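# Secondary and tertiary structure notes
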Amino acid sequence: MTSPPPLAGIKVLEFAGLAPGPFAGLLLADYGASVLRIDRSPAPTGDQLTRHKSSICINLKSPSGTALLKALIPHVDVVIDPFRPGVLEKLGLGPEDVLCKLNPRLIVARMTGFRRDGKYKDMAGHDINYIAVSGVLSMLGRKGEKPLPPGNLLGDFAGGGAMCFMGILLALIERERGGRGQVVEANMVDGSAVLNSMPRFNLKTPMWGDERGTNVLDGGCPYYDTYETLDGKFMAVGCLEPQFFAAFLKGLGIKREDLPGPREDKKTWPYLKRLFTGTFMTKTRAQWERIFDGTDACCTPVFTHSELEERGYDHRPAVTLKSTPGFAIQQGPEGRPAAVGQGKGVKGNGWTSGGLMPGTGGEGLLKSWIGWQKGMQYKEVEGALELADNKAKL
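Residues numbered from 1 in each chain as written. Predicted model: local features only at pLDDT ≥ 70, side-chain atom pairs only at ≥ 80, totals over all residues. Heavy atoms only, no water.

Let us now look at the domain arrangement of the protein. Its domain assignment divides the protein into domain 1 (11-196 + 361-391) and domain 2 (224-311). On a C-alpha basis, the centres of domain 1 and domain 2 stand 43 Å from each other. (Domains from an automatic or database assignment.)

Structure below.
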């Protein structure tokens, strides 16, 4: 029997910000937390990471707006701070000296790019900068070419938002044990460095010890790479183990005795690259799919998102909890398998997001959370909410 998601009942205030903070909030919402985004103005935002969230607008430069925020703090479990160091303090909302004193059980998750105590702490930056100073970027790219940034996946999302999400969960576990909240500090430099643990440990081994783009897992190895097919599409090859490599050669129609030497010998790699490149160009991707599907050759098509959407790929929660699954992303009926998630899903099916207009759904959430209503506990001034004059009703 399916029970509510594990974070059901957890109330989260998420200050509107760029990708990492909203992504942490999205993960919390996917697993049942009630997430209320705090927007600073009624103007539309570009935030697409809004699944299952609601919003209110609060002018934090207004004393009445700040007072409303402070009045909310005793009623929530988590605050997500996506700002650069010092912003909350300048607003009079310092986590340890203000927020946690208002609510000792509060967890304040602070998400920054650079370390709070490092030489870059007062500088602006983006994903590319954070993974650059963590050493991760130096390992990415083809031989003889400049380092290649992998979008903003490693810093913003994996090393940032996902690590912040993990920190919040750890703090919630500790609160169950000790009864008190705490400040969680996540940054994308340390987060991406942790994700880079295995490659870093292998820098002094044959696995990853040579120039960028010449190692086993960074595009240097011919049996761990991508290859273009006759129709301009691509196949991905990852047959590292000998038995998988044997299945791969069989699918290509290549005999082992035709190879120039042991595949582990890097001197053979240029020849193997040319051999595999030419072979893949003899058939379309669909033809190669028919050959390799169902085998242990570790050879799969490289699908684009457009193709996946056309084929009806179903987006699912990040992990499956068999008894208390997260909310479904793909639209559909209730009562689906735990891997798909519970509920009817969300509009867009994980392919598109309508975003969240500032102020949408937030007043209803305040009422369901703590019974507050406009005109009693709060009022609206120029599209933003402020604490009502009658403070006795809080």
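Another point: the pattern of salt bridges. A complete count under the given rule lists 22 salt bridges for this structure. For glutamate 14, the salt bridge is made with lysine 53, and the minimal N-O distance between the two is 2.7 Å. Of this pair, glutamate 14 sits in strand β1 (residues 11-15) while lysine 53 sits in strand β3 (residues 53-57), placing them 39 residues apart in sequence. Each member of the pair, glutamate 14 together with lysine 53, is buried. One salt bridge in this structure joins aspartate 122 and lysine 121, with 3.1 Å as the shortest N-O distance. (Salt bridge = Lys/Arg side-chain N within 4 Å of Asp/Glu carboxyl O. Helix = DSSP H or I, 4+ residues; strand = E, 2+ residues; numbered from the N terminus. Buried < 20%, exposed > 50% of the residue type's maximum accessible area, 1.4 Å probe, protein only.)

Here we take up the side chain of glutamine 377. Here glutamine 377 shows up in the loop between α13 (362-370) and β10 (378-381). Owing to a relative accessible area of 7%, glutamine 377 belongs among the buried residues under this scheme. There is a polar contact of 2.8 Å between the side chain of glutamine 377 and the backbone nitrogen of glutamine 373. (Polar contact = N/O pair within 3.5 Å; in protein donor to acceptor, adjacent residues only side chain to side chain.)

The subject of this paragraph is the sheet that holds strand β8 (residues 234-238). Ordered by their spatial adjacency, three strands build an open sheet running β7-β8-β9, and the pairing between neighbours is antiparallel. Taken across any chain shown, the strands that pair with only one partner, and hence form the sheet edges, are β7 (224-228) and β9 (299-301). Strand after strand, the sheet turns through a mean of 25 degrees between neighbouring axes, direction not considered. Pairing of β8 with β9 involves three bridges; the strand directions are antiparallel. Within β9, the residue paired with methionine 235 across the bridge is proline 301. Docked against the sheet, helix α10 (residues 269-280) engages β7, β8 and β9, running at close to 40 degrees with respect to β7. Against the sheet, helix α11 (residues 285-292) contacts β8 and β9, and its axis sits at roughly 35 degrees relative to β8. (Pairing = 2+ DSSP bridges. Axes fitted to C-alpha atoms, helices over the stretch in contact; angles between N-to-C directions. Contact = heavy atoms within 4.5 Å.)

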